[in-house]
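What the coordinates show
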Amino acid sequence: IAELFRQLEYAPPETRSRQMDATEKLIGDIDPAQNYPEDFIIYRITGYRSDRTDEPATLVGEALLPDLVNLVLLLSMGLQLPKDFAQRRAISLEEAAARLDVSMKTIQRYRRRGLVVHYALSEGRTQKMVCFEDALQRFSDGHRESIDKAVTYSRMKGELEAAIIEQAQHLHKSEHLSLNQAAEKLATQHGRAHETIRQLLRRQHRQRELQLHL
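The rules behind each value
- Residues numbered from 1 in each chain as written.
- Predicted model: local features only at pLDDT ≥ 70, side-chain atom pairs only at ≥ 80, totals over all residues.
- Heavy atoms only, no water.
- Helix = DSSP H or I, 4+ residues; strand = E, 2+ residues; numbered from the N terminus.
- Buried < 20%, exposed > 50% of the residue type's maximum accessible area, 1.4 Å probe, protein only.
- Contact = heavy atoms within 4.5 Å.
- Areas by Shrake-Rupley, 256 points an atom, 1.4 Å probe, with all protein chains shown as cover.
- Lys, Arg positive; Asp, Glu negative; His and termini not counted.
- Charge placed at Lys NZ, Arg CZ, Asp CG, Glu CD.
- Pairing = 2+ DSSP bridges.
- Axes fitted to C-alpha atoms, helices over the stretch in contact; angles between N-to-C directions.
- Salt bridge = Lys/Arg side-chain N within 4 Å of Asp/Glu carboxyl O.
- Arc of directions from axis to C-beta.
- Phe/Tyr/Trp six-rings, centres within 6.5 Å; stacked < 30°, edge-to-face > 60°.
- Lys NZ or Arg CZ within 6 Å of the ring centre and 35° of its normal.
- Parallel < 35°, antiparallel > 145°, perpendicular 65-115°, else oblique.
- Left-handed = near helix turned anticlockwise from the far one by under 90°.
- Nonpolar A, V, L, I, M, F, W, Y, C, P; charged D, E, K, R; others polar.

Helix and strand content of the chain: 10 helices and five strands. Its C-alpha atoms put the chain at 75 × 45 × 30 Å along the principal axes. Per-residue burial over the chain gives 36% buried out of 214 residues. A sequence separation of at least 24 residues applies to 61% of the contacts in the chain between residues at least 6 apart. When the accessible surface of the chain is split by element, carbon and sulfur atoms take 51% of a total near 13,400 Å². In the chain, 31 side chains carry a positive charge and 31 a negative one; their mean positions are 6 Å apart.

Here it is as structure tokens:
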């Protein structure tokens, strides 16, 4: 895929735009569990049929998806796309995360699984990574079960962290435990690593100190 991009990088803008769109369509057809011949991938993107006689390389769908997503992004970088490119509405990755009710870290994981993003021009004429609404909807429709699980996990994690923080505050007041001592006790109680709990309590402590100074 990297070699293919090098061949397309200096193609005329209309060619790169056409092949960028072809790559996006191909992403929607890739099954992570299937294998795909290299010449099939090249044909779907470029329309060119190879006349090679040797056996083409076989690419695993799961490994191919992030490379194809990256190819779309790289091709879009040189096209100076408007935010309403091809009558599609662009939203920020932060807004995409909010719509799916997941974290930005989860959005980055979704990119590796086929969530297509582009570079488009912002109000200041600088290029910013965006997700077109229709691309977000297609990904959401095709991964509904895993997205629902991510949302449930995120909410449970938030509720658990809030409970741990409240317990730590209670331990500090009732037993005069230090942050590290409270973390050690709560880690055992919740079956979590001591360092994980300690870092959570440290973040909360820093946030409270910052709020006191504001």
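Within the open sheet, the three strands sit side by side as β3-β5-β4. Their pairing is antiparallel. Strands at the two margins of the open sheet, each flanked by one partner only, are β3 (90–92) and β4 (118–121). The sheet shows a mean angle of 65° between the axes of neighbouring strands, direction not considered. Alignment of β3 against strand β5 (residues 127–132), held across three bridges, turns out to be antiparallel.

Before going further, it helps to spend a moment on the pattern of salt bridges. As a working rule, side chains carrying opposite charge can pair if their charged atoms are close by. All chains considered together, the criterion is met by 11 salt bridges. For the salt bridge of D29 with R44, the shortest nitrogen-to-oxygen distance reads 2.9 Å. Of this pair, D29 sits in helix α2 (residues 13–29) while R44 sits in helix α3 (residues 38–46), placing them 15 residues apart in sequence. The salt bridge partner of R88 is D134, with a shortest N-O separation of 3.0 Å. In this pair, R88 is assigned in the loop between α4 (61–77) and β3 and D134 in helix α7 (residues 133–142), connecting sequence segments 46 residues apart. Taking the relative accessible area as the measure of exposure, R88 reaches 14% and is therefore buried. Within the structure, one salt-bridge network assembled from shared partners comprises E24, R88, D134 and R138.

Further remarks concern α7. Residues A135, L136, F139 and S140 constitute the buried set of α7. For α7, the angular spread of buried residues about the axis comes to 135°, placing them on one side. Facing away from the buried side of α7 by more than 90 degrees, the exposed set consists of D141 and G142.

Turning next to the packing of aromatic side chains. Per the stated rule, a full pass over the model turns up three aromatic pairs. Measuring from ring centre to ring centre gives 6.0 Å for Y36 and F40, while their planes differ by 20°; the resulting arrangement is stacked. Of the residues examined, F40 reaches a relative accessible area of 33% and is grouped as partly exposed. Positioned above the aromatic ring of Y43, the side-chain terminus of R49 is 3.9 Å from the ring centre.

Of note, H118 is situated in strand β4. Accessibility expressed as a relative area gives 0% for H118, which makes it buried. Excluding anything up to four places from it in sequence, H118 contacts M20, E24, V72, L73, S76, L81, R88, K128, M129, V130 and F132.

In this section: the pairing of β5. The sheet contact formed by β4 and β5 spans four bridges and is antiparallel. Across the sheet, H118 pairs through a bridge with V130, a residue of β5. The loop that links β4 with its antiparallel partner β5 comprises five residues; one of these, R125, has a positive phi angle of about 65°.

This part is about the packing of α2 against α4. Viewed as axis vectors pointing N to C, α2 and α4 meet at an angle of 155°, and their least axial separation amounts to 9 Å. Considering their axes alone, α2 and α4 lie roughly antiparallel with respect to each other. You can see that α2 and α4 cross each other, and the crossing is left-handed. Counted together, R16, Q19, M20, T23, E24, L26 and I27 of α2 and L65, L68, V69, L71, V72, L75 and S76 of α4 form the full contact between these two elements. Here the residues of the contact of α2 with α4 sort into nine nonpolar, three polar and two charged.

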